[in-house]
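For reference, the chains in residue letters:
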Amino acid sequence: MVVQFPDMRRAVIEALQALSDPEYQRRVWVERTYPQPGFYDDLTHNVNVLYDDTSVAEDPRAQIGVTLESEAEAAAIESLTAVLDPLFAHQTRRRSSDLPARMECRCEGGTGGCRHYSLRTVPPDR
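Sequence order as written defines residue numbering, which begins from 1 separately in each chain. Where local features are concerned, this predicted model is filtered to residues with pLDDT of at least 70; where side-chain atom pairs are given and counted, the filter is 80 or more; whole-chain, interface and lining totals use all residues. With hydrogens and water set aside, each side-chain value is computed from the structure's full complement of heavy atoms.

## Looking at the packing of helix α3 (residues 43-53) against helix α4 (residues 71-89)
Note on geometry: axes are lines fitted to C-alpha atoms, helical ones only across the stretch in contact, with angles between N-to-C directions running from 0 to 180 degrees. For the purposes of this entry, the term helix denotes a DSSP run of H or I that reaches at least four residues, the term strand denotes a run of E that reaches at least two, and both are numbered from the N terminus. Where α3 meets α4, the closest approach of the two axes is 13 Å, and the angle between their N-to-C directions is 105 degrees. As judged from the angle between their axes, α3 and α4 are roughly perpendicular. Packed against α3, whose contacting residues are V47, L50 and Y51, the element α4 presents L80, T81, L84, D85 and F88 at the interface. Here the residues of the contact of α3 with α4 sort into six nonpolar, one polar and one charged. Just so you know how the angles are binned, under 35 degrees is roughly parallel, over 145 roughly antiparallel, 65 to 115 roughly perpendicular, and the rest oblique. Two residues form a contact once any of their heavy atoms are found within 4.5 Å. Classification convention: Asp, Glu, Lys, Arg as charged; Ala, Val, Leu, Ile, Met, Phe, Trp, Tyr, Cys, Pro as nonpolar; all other residues, Gly among them, as polar.

## Digging into the pattern of salt bridges
Think of a salt bridge as a Lys or Arg side-chain nitrogen and an Asp or Glu carboxyl oxygen that are within 4 Å of each other. Overall, the coordinates contain eight salt bridges when judged by the stated rule. A salt bridge links R9 to E69; the shortest N-O distance between them is 3.5 Å. Placement of R9 in helix α1 (residues 6-19) and of E69 in the loop between α3 and α4 is noted, with a sequence separation of 60 residues between them. Exposure remark for R9: the relative accessible area of 14% places this residue in the buried category. Taken together, the shared-partner salt bridges connect E23, R26, R27 and E31 into one network. Buried means the residue's accessible area, taken with a 1.4 Å probe over protein chains only, is under 20% of the maximum for its type, while exposed means over 50%, and partly exposed covers the values in between.

## What to know about the nonpolar core
If you look at the biggest cluster of nonpolar residues, it comprises 22 residues, and the most contacted ones within it are L16, L19, W29, L50, Y51, V56 and L80. The set of elements that each furnish at least two residues to this core consists of α1, α2 (22-30), α3 and α4. Element by element, the count of residues in this core is highest for α4, at six residues. In this view, L50 contacts V12, A15, L16, L19, S55, V56, A57 and L80; residues no more than four positions away in its chain are not counted. Nonpolar cores were defined as sets of buried Ala, Val, Leu, Ile, Met, Phe, Trp, Tyr and Cys residues, with membership established by side-chain atoms within 4.5 Å.

If you want it as structure tokens, here you go:
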């Protein structure tokens, strides 16, 4: 299926890749070893892509044909938001700098995308 906003879709995919790769998170978010000059990425950016920039996390099924291609993708986003929403619900008044230093979101699924996400917070390195 062709989506209405392919650039937004690409941003969603990049955010999901970042959220599902603990090694990337350690290297880029914690150690701040960026792949090229002028590059920046962190947890807040990726959450903003999903919730604010694309609204895909707010109503995944409404995004089919817009930024998502299928019911399976919408279901995967719903699995992710089922983990993220409770985590962020109590932090709405906190600054993003107050979030844990590392969060690991693992994508578990076969070909065709993630079917389940698991998320755990990791205390800041001391």
